[in-house]
Amino acid sequence: MTGGASAAPTGAASPLPGSDTATRRGTDPDESSATSAGEGSATSTGRGTDTGRGTGPTGGAGDATAEVDPGSATAVATGSGRFGRPGRPLRRSSFLIGFTGALGVLLAYTVFLGIRNASGILVLVVIALFLAVGLNPAVVRLRRWGLPHGLAVTLVVLTLLLLIIAGLVALVPPMVTQTGQFIEQLPSYVEELRRNRTVNDLVVRYDVMQRVQELANADTVGRALGGVLGGAQLIFGTIFRVLTVLVLTIYFLAYFDKLRDLGYALVPRSRRQRVSLIGDEILTKVGAYMVGALSIAVLAGATTFVFALVVELPYPFALAVVVAVTDLIPQIGATLGAVIVSLVGFATGLPVGIACVVFFVLYQQVENYLIYPKIMRRSVEVNEVAALLAALLGVALMGVVGALIAIPVVAALQLILREVVLPRQERR
């Protein structure tokens, strides 16, 4: 009797898992449903956590399931259980992998087409952005002097507009005047050619007059008018681009601080301070380069203007503006401006042309070895070989605009390489 009585509690203390579960599920429907839902949760997430199962008195799965908090991360990951047990994850079949890869290729091709179709607008945005970065130091300086932000931006933009208008006033009237003089003197040029015996022999030999009459028909006139309309379209397109760049530059200047803070906010917080420091340094270098380049260009234009007045070149202010604009192009701009002014000098007279060549050779030596190092190398610090390669690559990719932004881009990449890439390679 004693053994039987003692055997009964022992047997009850360690019942079979199957019988105990069946008994409890049969007596309490609510507990059964909770246990089944909990087992689904434990099966999907806690199958590998044997520690939770061994903490209960019987070591059953129902105790471990009952301890799952509905508001915990495990319950969130597995779901509430109201909508059934979660299924198995999709297998990485060859069809699914191929379909995903095809979608990726299609998306990349769509992005490429979008960038190619919007390349003209993107170039204008890049130009406006670099102008804003270059003009922002002037806005900051005016704000330090006590001016409000809006008034500082307005003064900088008005100064830029005055420079553009001065350049147009200097360049357009000489072009119009010289074109009118050429049209007025064109009949005298034709008469002189007709009096030339050699020219008359060539006209008779190659039937030049007959070819001219064949070309002077309706189709030729239509193509000529089309060319005129194309020229008008080019002029209006250029005006539209200039206005677009100007408006974008104003907006970038007005919201420069907000755009910069927004860009830094997209970086994770753990890296935001370092990225902001490097970004501010890059913006400082780009702004210093733009200010330095404008200073050198203005100095070159002023020197050319004084020289043109001394040697009595025609349209000295227009030639000074041409030299200043071409001097903004790195590496080749100064030479291009010198060639243009020298050609005008040789057209004026041989001694004037020789004087132009000598002047620009001497001035370029002074600019390259005295002016440029003091103004640019302290702020940008770009290797000369890297600057030359960047200028050539920029011209090949984006033309004159690429040549203008090549040096700031190289300065930014050089800073990232020195502060981020090389220290990371040293720590490995």
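Remember, predicted model here, so these are calculated numbers, not experimental data.

(A) Up close: a positive patch on the surface. Taken together, the side chains of R271, R274, R424, R427 and R428 present a region of like positive charge at the surface. Listed by contribution, the elements that provide at least two residues to the positive patch are helix 14 (269-311) and helix 19 (400-427). Checked against the element boundaries, R424 lands in helix 19. Judged by its relative accessible area of 41%, R424 falls in the partly exposed class.

(B) Broad picture of the packing of helix 8 (residues 119-144) against helix 14. Interhelical geometry of helix 8 versus helix 14 gives an angle of 85 degrees and a closest axis separation of 8 Å. Between helix 8 and helix 14, the angle is such that the two are roughly perpendicular. Along its contact with helix 8, which presents F130, L131, V133, G134 and P137, the element helix 14 presents L283, V286, G287, M290 and V291. Among the residues forming the contact of helix 8 with helix 14, the class breakdown is eight nonpolar, two polar and no charged.

(C) Up close: the pattern of salt bridges. Applying the stated criterion across every chain yields a total of four salt bridges. As a salt-bridge pair, R260 and D257 come within 3.2 Å of each other at their nearest N and O atoms. You can see R260 and its partner D257 sitting in helix 13 (residues 256-265), three residues apart, about one turn around the helix. Put simply, E281 and K285 hold a salt bridge, and the shortest N to O gap is 3.9 Å. Here E281 pairs with K285, and both are found in helix 14, just four residues apart, close to one helical turn. By relative accessible area, K285 is classed as buried at 9%. Here the salt bridges do not stand alone but share partners, grouping R143, D257 and R260 into one network.

(D) Representation of the packing of aromatic side chains in the model. One pass over the full model with this rule turns up five aromatic pairs. Aromatic side chains F305 and F317 sit 6.1 Å apart centroid to centroid with 85 degrees between the ring planes, which places their arrangement in the edge-to-face category. Of this pair, F305 sits in helix 14 while F317 sits in helix 15 (residues 316-327), placing them 12 residues apart in sequence. When its relative accessible area of 29% is taken as the criterion, F305 is described as partly exposed. Between F359 and F360 the ring centres are 5.0 Å apart and the planes differ by 70 degrees, which places this aromatic pair in the edge-to-face class. Chaining the aromatic ring pairs together yields one cluster made of F307, F359, F360 and Y363.

(E) Molecular detail of the side chain of T304. Residue placement: T304 occurs in helix 14. Taking the relative accessible area as the measure of exposure, T304 reaches 2% and is therefore buried.

(F) Looking closely at the packing of helix 13 against helix 14. Put simply, helix 13 and helix 14 touch, their axes get as near as 10 Å, and they point 140 degrees apart. Taken together, the axes of helix 13 and helix 14 lie oblique to each other. In this structure, helix 13 crosses over helix 14, and the sense of that crossing is right-handed. Between helix 13 and helix 14, the contacting residues are F256, R260, Y264 and A265 on the first element and R272, V275, S276, G279, D280 and L283 on the second. The class makeup of the residues in the contact of helix 13 with helix 14 is five nonpolar, two polar and three charged.

(G) Quick peek at unusual backbone geometry. Despite not being glycine, E312 shows a phi value in the positive range, around 60 degrees. Tracing the chain through its elements places E312 in the loop between helix 14 and helix 15. Classification of E312 by relative accessible area gives exposed; the value is 65%.

(H) Fine view of the confidence of the model for the chain. This prediction gives the chain a mean pLDDT of 73; 68% of its residues lie at or above 70. When the criterion is pLDDT under 50, residues 1-68 qualifies, and its contacts beyond four places in sequence or with other chains add up to 28 contacts.

(I) Quick peek at a nonpolar patch on the surface. A contiguous nonpolar surface patch, about 620 Å² in accessible area, is contributed by F346, L350, I354, V357, V358, V361 and L362. For the nonpolar patch, the element with the highest residue contribution is helix 17 (residues 350-377), accounting for six residues. Its place among the elements puts V357 in helix 17.

(J) Structural detail: the side chain of N136. Note on placement: N136 falls in helix 8. With residues near it in sequence (within four places) discarded, N136 still touches L253 and F256.

Conventions we followed
- Residues numbered from 1 in each chain as written.
- Predicted model: local features only at pLDDT ≥ 70, side-chain atom pairs only at ≥ 80, totals over all residues.
- Heavy atoms only, no water.
- Patch = residues over 30% accessible without salt bridge, like charges linked within 9 Å, V, L, I, M, F, W, Y side chains within 5 Å.
- Areas by Shrake-Rupley, 256 points an atom, 1.4 Å probe, with all protein chains shown as cover.
- Salt bridge = Lys/Arg side-chain N within 4 Å of Asp/Glu carboxyl O.
- Lys, Arg positive; Asp, Glu negative; His and termini not counted.
- Charge placed at Lys NZ, Arg CZ, Asp CG, Glu CD.
- Helix = DSSP H or I, 4+ residues; strand = E, 2+ residues; numbered from the N terminus.
- Buried < 20%, exposed > 50% of the residue type's maximum accessible area, 1.4 Å probe, protein only.
- Axes fitted to C-alpha atoms, helices over the stretch in contact; angles between N-to-C directions.
- Parallel < 35°, antiparallel > 145°, perpendicular 65-115°, else oblique.
- Contact = heavy atoms within 4.5 Å.
- Nonpolar A, V, L, I, M, F, W, Y, C, P; charged D, E, K, R; others polar.
- Phe/Tyr/Trp six-rings, centres within 6.5 Å; stacked < 30°, edge-to-face > 60°.
- Left-handed = near helix turned anticlockwise from the far one by under 90°.
- pLDDT = per-residue confidence, 0-100.

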